[in-house]
Structure formats: structure tokens, C-alpha cells
Amino acid sequence: MLERATDLYKWDYDLKAVSFWMKVTGSTPATPVRVIVTYEGIRAIDPDEVPDRYGAIATFEANRQRIDEAASVKFDAGGTEPVTHGGHALVLLRATDLT
């Protein structure tokens, strides 16, 4: 299970995605996990939002709890990517993970 590590997030211009940190619940010291939400994933949440990065960020902020929960469910199901982010597990949320 994952929990939010911080409220901070970053829009990645190259990936066209929002990324942020979560951590494994109950881990000591904290075990960080990087989560990346694709633009298509964010658009799947609210296809009526303005289709630019500002709309994507607004949708992300308005649905942060839902996104956190989807990341935790995918992580618990073994849904980490075969590559890591700086040596830390990586969860990539796509449209299919958020609909």
C-alpha cells in the first residue's frame, strides 16, 4: 500500500505527464516510489477539461486523492515498471488505470 509522501508534484514537459512521490505505508525508513501520470490518463479523468498542460494540472489537483488511490492499487497488484526512477520503484498510471 502507498501513501502520499508530499503534496508536491511536477509537470514533465518531455513526457507530457505529472510526476510525484509516494511512499510504502509503514516503511521505516520511508521507501519512496515515483508515480507518473500520463497526459492521456489525466484526460481520461475529465475529457471536458481544456486540453493543455494547465487543464491537465487542474484535473490532477482536483482528483489527487483518486490518483493516489489508483497508484496504490496498481503498486499492490505488482504494477511497477521494469525500469526504476533513480533506483526507486516506478508506477506509471495510464488511462486504463484511471477509468
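Above this text is the structure in question.
As a starting point, this report considers the structure included with it. Residues take numbers from 1 onward in each chain, read along the sequence in its written order. Local features in this predicted model are restricted to residues whose pLDDT is 70 or higher, and side-chain atom pairs enter the listing and the counts only when it is 80 or higher, whereas totals over whole chains, interfaces and linings include all residues. Excluded from the side-chain calculations are hydrogens and water; all other atoms, namely the structure's heavy atoms, are used.

**Section: the overall build of the chain**
Here is step 1 of the chain: Secondary structure counts use DSSP, requiring at least four H or I residues in a row for a helix and at least two E residues in a row for a strand, with both numbered from the N terminus. Looking only at helices and strands, the chain features four helices and four strands.
Here is step 2 of the chain: Listed by position from the N terminus, the elements making up the chain come as β-β-β-α-α-α-β-α.
Here is step 3 of the chain: For this measure, only C-alpha atoms enter the radius of gyration; the expected value for a globule follows 2.2 Å times N^0.38, where N is the number of residues. For 99 residues, the compact-globule formula gives about 13 Å, and the C-alpha radius of gyration of the chain, at 13 Å, lands near that figure.
Here is step 4 of the chain: With respect to the principal axes defined by its C-alpha atoms, the chain has extents near 40 × 25 × 25 Å.
Here is step 5 of the chain: For every residue, the accessible area (1.4 Å probe, protein chains only) is compared with the maximum for its type, and the residue is labelled buried under 20%, exposed over 50%, or partly exposed between those bounds. Burial status across the chain gives 39% buried among its 99 residues.
Here is step 6 of the chain: At a minimum sequence separation of 6, the contacts of the chain that also span at least 24 residues come to 43%.
Here is step 7 of the chain: Areas reported as accessible are Shrake-Rupley estimates using a 1.4 Å probe. Residue values count occlusion only from the protein chains shown. Of the roughly 5,600 Å² of accessible surface on the chain, a fraction of 55% belongs to carbon and sulfur atoms.
Here is step 8 of the chain: Charged side chains of the chain number 11 positive and 15 negative; the gap between the two group centres comes to 4 Å. Pairs of residues are marked as contacts when any of their non-hydrogen atoms sit within 4.5 Å. Neither His nor the chain termini are counted; the positive set is Lys and Arg, and the negative set is Asp and Glu. For the purpose of locating charges, the reference atoms are NZ of Lys, CZ of Arg, CG of Asp and CD of Glu.

**Overview of the side chain of Arg 64**
Here is step 1 of the chain: Mapped onto the fold, Arg 64 is located in helix H3 (residues 64–76).
Here is step 2 of the chain: Separated by 3.4 Å, the side chain of Arg 64 and the backbone oxygen of Asp 7 make a polar contact.
Here is step 3 of the chain: Beyond its immediate sequence surroundings of up to four residues, Arg 64 is in contact with Arg 4, Thr 6, Asp 7, Leu 8, Tyr 9, Phe 20 and Trp 21. What qualifies as a polar contact is a pair of N or O atoms within 3.5 Å, subject to a donor-acceptor requirement within protein and to the restriction that residues adjacent in sequence count only when both atoms come from side chains.

**Focus on the sheet that holds strand E2 (residues 17–24)**
Here is step 1 of the chain: Strand order in the open sheet formed by four strands is E1-E2-E3-E4, and the pairing between neighbours is mixed. Unpaired on one side and paired on the other, strand E1 (2–12) and strand E4 (89–93) mark the two borders of the sheet. Across the sheet, the mean angle separating the axes of adjacent strands is 25 degrees when strand polarity is ignored.
Here is step 2 of the chain: Strand pairing is assigned whenever DSSP detects at least two bridges linking the two strands. Pairing of E2 with strand E3 (residues 32–38) involves seven bridges; the strand directions are antiparallel. The residue bridging Phe 20 from the neighbouring strand is Val 35, located in E3.
Here is step 3 of the chain: Helix axes use the C-alpha atoms of the stretch in contact, all axes being lines fitted to C-alpha atoms, and the angles between their N-to-C directions lie in the range 0 to 180 degrees. Helix-sheet contacts for helix H2 (residues 53–62) involve E1, E2 and E3, and the interaxial angle to E1 is about 170 degrees.
Here is step 4 of the chain: The sheet contacts of H3 involve E1, E2, E3 and E4, and relative to E1 the element is tilted by about 115 degrees.

**Re the pattern of salt bridges**
Here is step 1 of the chain: Take a side-chain nitrogen of Lys or Arg and a carboxyl oxygen of Asp or Glu: if they are within 4 Å of each other, that pair is a salt bridge. Taken as a whole, this structure holds six salt bridges when the rule is applied.
Here is step 2 of the chain: A salt bridge links Arg 4 to Asp 7; the shortest N-O distance between them is 2.9 Å.
Here is step 3 of the chain: Under the relative-accessibility criterion, Arg 4 is labelled partly exposed at 30%.
Here is step 4 of the chain: Across the pair Asp 68 and Arg 4 runs a salt bridge, and its minimum N-O distance is 2.7 Å. Placement of the pair is Asp 68 in helix H3 and Arg 4 in strand E1, with a sequence separation of 64 residues.
Here is step 5 of the chain: For Asp 68, a relative accessible area of 6% corresponds to the buried category.
Here is step 6 of the chain: One network of salt bridges, with partners in common, ties together Arg 4, Asp 7, Arg 64 and Asp 68.

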